[in-house]
Structure formats: structure tokens, C-alpha cells
Amino acid sequence: MEYTLNFYGPLSELFGAHGRIVLAEGSTVSTLRVALEQAFEGLSDYPYTLAQDGAFKSDHELLSSGAIEVFPPFSGG
Amino acid sequence: MKNRYDRHIKLKPWGTAAQEQLGSSHAVVVGAGGLGAAVLPYLASAGVNKITIVDYDRVSLSNLQRQVLYAEEDIGRLKAEVAAEKLDALNSEIQLKAIPQAIDVHSAEHLVKEADVVLDCTDNFRTRYVINDACVRQDIPFVFGALHTFSGQMAVCNYKGSATYRCLFKEAPTNAVIPNCAEIGVFSPLVALIGSLMASEALKVLAGLASVQAAKLITYDLLTHQQHALSFTPNTAEIERIKTLERIEPIALNDCEWNRQTLFVSDLKELKDPLFVDVREAGEHPQIDNTEVVALSEGLPNDRPLVLFCATGKRARLCAQKIERENVYYLKEEIEDFIHYLNQMKHD
């Protein structure tokens, strides 16, 4: 199944605002993390959290069909 | 009270009861920079009874692009003290306390202990995690805001058992991947937007309104006006770990937090009485003959800001990370530019 990725903050500067990734149906968030870090070199250097359908997801949760939001923390104040 | 706060009291979910609750509340604002300068006037003008302002930094020229609480005449003064003066002029009926010091693992729990809400307006992860942990351990609501160029994030954490900042981002970054405003810049209206959202949520918390948007990461991008409100859930194991620690653990030093200590030659005139520290090898050229320049091997005074320099800024940066005190900076420019600055200072 193909997922649309939306990157934010410094991640969008590195990888562009949007990306795509293909995963088997029924994949979990932790599976997605492994695939993302293989597909997007340098992503593993960043802390980031993944959201879908208006909520952040923990690693054991199953992905739904919606776009995946990839948020790093921001630092400036 | 009625005249001053009339426009709030008239609001349907607000009224006299909420205003009275606000009038007996205490907010601690950590950081009086971009976000702090935006948040503070709204808290003061709304009638928060007591506001504690924690910031060790001084007003500099480059602050004035976005920190509209300050003026040119304030350059060089402590932000906490200037902010308290300005807020007192805005609302003399409230109590203001300026604490011009850094917050760390030793002071955090004491500084927040009497707060009804703590607002994190800082620009580094070390402080944010320390404040979060202090609030978790004392069950104090914690409102954070953070900026990246044209985009901002904010959330209410730890409100009536809701998720904390660590439930969203468990660990602080351990390397130099997340830059701050000093390095990449920030769009000035963004501080007003995110600061306003933070003030709005803090006022709702303090006034006891039911509509607090706890454990939702609110994001806004001022280039596209794209926005999100994404919920996050408590990580109970992590919350329990923080609550049961003997004391708050320091966050490992990382490159991002040191960005705030980066200086360019153009910033130097804003520092009060700096001492320049040459971290190059002995005999390295060009030699600098100036009474305000000392070698790293010499005894360094504690009462003056230290500005470390080398040929390119790289060694100075590494040395700055190892000096455990405040007011340590490093020059991120070629040494020729610095020498030119010193020569100009001699002639002025």
C-alpha cells in the first residue's frame, strides 16, 4: 500500500514537503519507522513523531490508509 | 476590577468567577525572548495575580526585530527586569517577580513549585525537558511553544493528568540537527501568533475554563497558513519514571542548545564588557596584541562574558561546550573579521 508522507520543519527542508512510501497492508508504526529511515537518509539523526488522522501514533499501532505526518520538535523561542 | 477587565467578564464562558480565579493565580514564564515577550503582556493585562519571569539574558539589538516588549534604550539590560517594569506600567494591580537567572535541574523544581501554570518560552531543549519534568513531578500544567523559521508548535501538557512533552517527544535530540532562531532566523509575526496561542491556553487554564486544549500539538505555518491540531496520549510508564526519580536528570549537552551561544562579529558591540579568549595553539598566526584578549590557559574571570575565538570558530565552539558556566559564547566567523573589529575598537 502506498502512503503519502508530509514532512515539517527541518525535515521538509531535507526531504521536501511531501514524499511517498510503500508498505504491506497491516503494517505498524514501528515498521514504518524502519522503512522511513531506510528510504530517507539522515532521518534517523532526528527525533520525530508520526501522526495519522489527527492523532499521533505509538509504535505498536497499526497504520490506517490516511496520509502520514512526520513532525520533528522545534527548538526556537 | 470591573472596568479594567470588563471585556473579559462580559464573555459568556468567562464571567466574574473566571476573572476572580485568574486574579488569584500565579504564572511562571520561563524565557522572556520572542515567545515570552509576546505572552507576558496578555497575562499581565488579563489580570493574572502574580507573574514570575525567569530569564538570565539581556536585551540585544537583534532581539528588537520580534521582541516588541523591548526598546532600543533597553539594550544591555536584563530582560526579566525590563519585562517586569513594562508589565508593571501596563497593570500595576498585579505582582511581578523578575528572576534574572538560568533555570536548571537544581533550580527548576523550586522555581515552579508555587505556579498554577508554567509557560516554556525558551529556545533550547535542555531547559524545555527540565521544566517539563519539574511540572510532571509537581502536577503543574505546562504550556510550551517552539518556533522554526515560519512555523510554530504549541501544546498544553500535564493538565489534569494529560500527556506531557515527553509523551510527544520522549528524548531530547542528541546531536546538532534541530537549529534555533539564532542560527536560521525566525519570522517576527510568528512569535506573536504562537505566543498568543500560548497565552490563550494559559489564561483558560488559570481561569478554570473547560475548553483547555490539553495534549494537542497545535502547529501553524505562516508561509502557507497550514495548521494542525494533533492529539497525543499519555505514556504512563514515562510519566511514572519522571515522577519517581530521586531528582530531575540533566539533559545531555547537545549541539543544538549551544547555538544560542553563537556570536558573529556584528553582535559583539551588544555584549557588556566581554573578555576575548584565544583558544588557538600558542604561537599560531596571526598573533593578536590586545589587552582584552587572553589565552585559554590563563585564569578566566567569572564576572565577565567570555567570547572564545579561533581561526574559524570550530575549536572555539568545542571549547565553549566544555566551560560549565553562563555567559560563554564563541565567535562563528573567520579570525580576520574579528581582528578587523578589534582594530576598529582601538580607533573608536
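Everything below is about the structure shown above.
How each quantity is defined
Residues numbered from 1 in each chain as written. Chains lettered and ligands numbered in written order. Predicted model: local features only at pLDDT ≥ 70, side-chain atom pairs only at ≥ 80, totals over all residues. Heavy atoms only, no water. 1 Å grid on protein atoms, 1.4 Å probe; cavity = no way out; pocket = protein on both sides within 12 Å on 5 of 7 lines; lining within 4 Å. Points joined across faces, edges and corners; volume = space filled by probe spheres on them. Contact = heavy atoms within 4.5 Å. Buried area = accessible area lost by both parts, 1.4 Å probe. Salt bridge = Lys/Arg side-chain N within 4 Å of Asp/Glu carboxyl O. Polar contact = N/O pair within 3.5 Å; in protein donor to acceptor, adjacent residues only side chain to side chain. Helix = DSSP H or I, 4+ residues; strand = E, 2+ residues; numbered from the N terminus. Nonpolar A, V, L, I, M, F, W, Y, C, P; charged D, E, K, R; others polar. Core = buried A, V, L, I, M, F, W, Y, C linked by side-chain atoms within 4.5 Å. Buried < 20%, exposed > 50% of the residue type's maximum accessible area, 1.4 Å probe, protein only.

Peer 1: Any chance you could explain the layout of surface pockets here in plain terms?
Peer 2: Gaps left between atoms show up when a probe the size of a water molecule is rolled over them. In this structure, the second largest pocket spans a volume of roughly 490 Å³. As for the second largest pocket, its lining consists of 25 residues, of which Arg33(A), Thr49(A), Cys167(B), Leu168(B) and Lys170(B) are closest to the centre.

Peer 1: Help me out: how do you make sense of the interface of chain A and chain B in this one?
Peer 2: Counting residues at the interface gives 21 residues for chain A, matched by 36 residues for chain B. Buried area between chain A and chain B, both sides added, is near 2100 Å², and the carbon and sulfur share of it is 64%. Looking only at chain A, the three residues that lose the most surface to chain B are Phe74(A), Ser75(A) and Gly77(A), adding up to 33% of its buried area. If you look at where chain A meets chain B, you find 0 salt bridges. One can count 11 residue pairs in polar contact (both at pLDDT 80 or more) joining chain A with chain B. For the side of chain A that touches chain B, the secondary structure elements donating two or more residues are α1 (10-15), β3 (49-52), β4 (55-56) and β5 (68-71) of chain A.

Peer 1: Hey, could you run me through empty space enclosed by the protein in this one?
Peer 2: Residues and elements named next belong to chain A. Scanning the entire structure with this criterion turns up 1 cavity of 30 Å³ or more. In this structure, the largest cavity occupies an estimated 30 Å³ of space. As for the largest cavity, its lining consists of Val29, Leu32, Leu50, Ala51, Gln52, Lys57, Leu63 and Ile68. Tallying contributions element by element places β3 first for the lining of the largest cavity, with 3 residues. Grouping the amino acids of the lining of the largest cavity by side-chain chemistry returns 6 nonpolar, 1 polar and 1 charged.

Peer 1: Before we go on, may I ask you to explain the nonpolar core in this structure?
Peer 2: Across soluble globular proteins, nonpolar side chains show a tendency to be buried alongside one another. Grouped together as the largest cluster of nonpolar side chains are 51 residues, with contacts concentrated most on Leu40(B), Leu43(B), Ile51(B), Ile53(B), Leu119(B) and Met198(B). Looking at which element gives the most residues to this core, the answer is helix α9 (residues 188-207) of chain B, with 10 residues. One finds Phe71(A), Phe74(A), Val105(B) and Cys157(B) within the second-largest nonpolar core, a separate group that totals 44 residues.

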